[in-house]
Amino acid sequence: MSPLLRTSIAYTVFPSAQAAARALADDLSQRLRQRPELVLGLPTGNTPLGLYRELIERQRAGQLSFARASCFPLDEYLDLPAADPRSFAAWLRQEFLQHVDFAPERIHRLDSTLDANQWRQAAQRYEALIQAAGGIDCMLLGIGRNGHIAFNEPGSARNSRTREVELEATTLHDAAKSFGGLEHVPRRAITMGIGTILESRTIRVLAFGTNKAAIVRQILCSEPQAAWPATWLAGHPDVHCLLDPASAADLPG
Ligand code: PGA
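Residues numbered from 1 in each chain as written. Predicted model: local features only at pLDDT ≥ 70, side-chain atom pairs only at ≥ 80, totals over all residues. Heavy atoms only, no water.

### Topic: the overall build of the protein
- Broken down by element type, the protein carries seven helices and nine strands.
- Rg of the C-alpha trace for the protein: 17 Å, near the compact-globule value of 18 Å for 253 residues, within the 12% margin.
- Structurally, the protein occupies a C-alpha span of about 55 × 45 × 35 Å along its principal axes.
- Counting only residues that meet the buried cut, the protein has 55% of its 253 residues in that class. (Helix = DSSP H or I, 4+ residues; strand = E, 2+ residues; numbered from the N terminus. Rg over C-alpha atoms; globule rule 2.2 N^0.38 Å. Buried < 20%, exposed > 50% of the residue type's maximum accessible area, 1.4 Å probe, protein only.)

### Quick look at the site of the ligand
- Taken together, G45, N46, T47, G142, I143, G144, H148 and K212 form the complete shell of residues around the ligand.
- In this structure, H148 approaches the ligand through a side-chain N or O atom, which is 2.7 Å from an oxygen atom.
- A distance of 2.6 Å separates an oxygen atom of the ligand from a polar atom in the side chain of K212.
- Protein burial of the ligand: of its 280 Å² of free accessible surface, 74% is covered by the chains.
- One can see that the ligand is located within the largest pocket.
- Classifying every residue of the shell around the ligand by side-chain character gives one nonpolar, six polar and one charged. (Near = heavy atom within 4 Å. Polar contact = N/O pair within 3.5 Å; in protein donor to acceptor, adjacent residues only side chain to side chain. Areas by Shrake-Rupley, 256 points an atom, 1.4 Å probe, with all protein chains shown as cover. 1 Å grid on protein atoms, 1.4 Å probe; cavity = no way out; pocket = protein on both sides within 12 Å on 5 of 7 lines; lining within 4 Å. Sits in = over half its atoms within 2 Å of the grid points. Nonpolar A, V, L, I, M, F, W, Y, C, P; charged D, E, K, R; others polar.)

### Describing the layout of surface pockets
- Within this model, the largest pocket holds a volume of roughly 930 Å³.
- Residue lining of the largest pocket: 34 residues in total, with T44, G45, N46, F88 and D174 positioned closest to the centre.
- Looking at the lining of the largest pocket, its residues break down into 13 nonpolar, 14 polar and seven charged. (Points joined across faces, edges and corners; volume = space filled by probe spheres on them.)

### Let's talk about the packing of helix 1 (residues 17-34) against helix 2 (residues 49-60)
- In the contact formed by helix 1 and helix 2, the axes pass within 8 Å of each other and the chain directions differ by 50°. The pairing of helix 1 with helix 2 is recorded here as oblique in orientation. Here the hand of the crossing between helix 1 and helix 2 comes out right-handed. Residues Q18, A21, R22, L24, A25, D26, L28 and S29 of helix 1 pack against G50, L51, E54, L55 and R58 of helix 2.
- Taken together, the residues of the contact of helix 1 with helix 2 sort by class into six nonpolar, three polar and four charged. (Axes fitted to C-alpha atoms, helices over the stretch in contact; angles between N-to-C directions. Parallel < 35°, antiparallel > 145°, perpendicular 65-115°, else oblique. Left-handed = near helix turned anticlockwise from the far one by under 90°. Contact = heavy atoms within 4.5 Å.)

### Things to note about the sheet that holds strand 6 (residues 163-166)
- Ordered in space as 4-7-6, the three strands form an open sheet in which the pairing is antiparallel. Lying at the two open borders of the sheet, with one neighbouring strand each, are strand 4 (75-77) and strand 6. Averaged over all pairs of adjacent strands, the angle between strand axes in this sheet comes to 30°, irrespective of strand direction.
- Pairing between strand 6 and strand 7 (residues 188-191): four bridges, direction antiparallel. Residue pairing for strand 7: V165 is matched across the bridge by A189. (Pairing = 2+ DSSP bridges.)

### Considerations on the sheet that holds strand 2 (residues 39-42)
- Read from one edge to the other, the open sheet built from six strands follows the order 1-9-8-5-2-3, with strand pairing classed as parallel. Of all the strands in the sheet, just strand 1 (10-13) and strand 3 (70-73) have a single pairing partner and so form its edges. In this sheet, adjacent strand axes meet at a mean angle of 20° when their direction is disregarded.

### So, the packing of aromatic side chains
- With the rule as written, the count across this model stands at 10 aromatic pairs.
- Taken together, the ring pairs in this structure connect Y52, F66, W91, F96 and F102 into an aromatic cluster. (Phe/Tyr/Trp six-rings, centres within 6.5 Å; stacked < 30°, edge-to-face > 60°.)

Remember that the coordinates give geometry; whether it matters functionally is a separate question.
In structure tokens form, the structure reads like this:
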């Protein structure tokens, strides 16, 4: 007999990653129509690319507008020069933000140049900006192969806030290609905390592909615990995971 799924994280397996991205783009379009001032938490990585393309197409077709919306990126590498093209801010601009109509003053960012004395103040400022925007309406997340959400690495507490973190070996390894080698990947980052993420009104998690199958099973079948930070999402009143058949392949049938 298959072990029971113990999680309270709801999930849907879509026929493909593209179908999942389309469904989430439909959902966000509707939310933007109902509330043009929508406040979004935005991830970086391969996973959200399909969603961003869908949203760009819809904006070009005049089906949605971000003109009154705000966005908060989830995380950022530290120890990168300002405007480094490998920063998450640059990546988000290139892959999504420059193609849609957010007002520049409502695109928030974490600074990749903060030193050890500056990040605390910057983190507090970021949390205050989120509060001033009315909190995050819709938090979009990927999952790292080690179970991280944003850069909340294994060991992250449920009540953690925006802070500096040391990146863990799996994360460094997965970033090595985009930095041209492991030795060039920044070791430090700044990330929204688990507590910050859990205060969002709605959370949507995307996980696609066979390389996410093991972690998806772990997250959906484990009790909430710091060893697998995404398990902290269980118990949030409005969290949903969007999977494709490959990432769902190891779930008990
Ligand atoms: P990925 O990264 O979308 O590139 O797989 C996800 C993550 O590390 O959060």
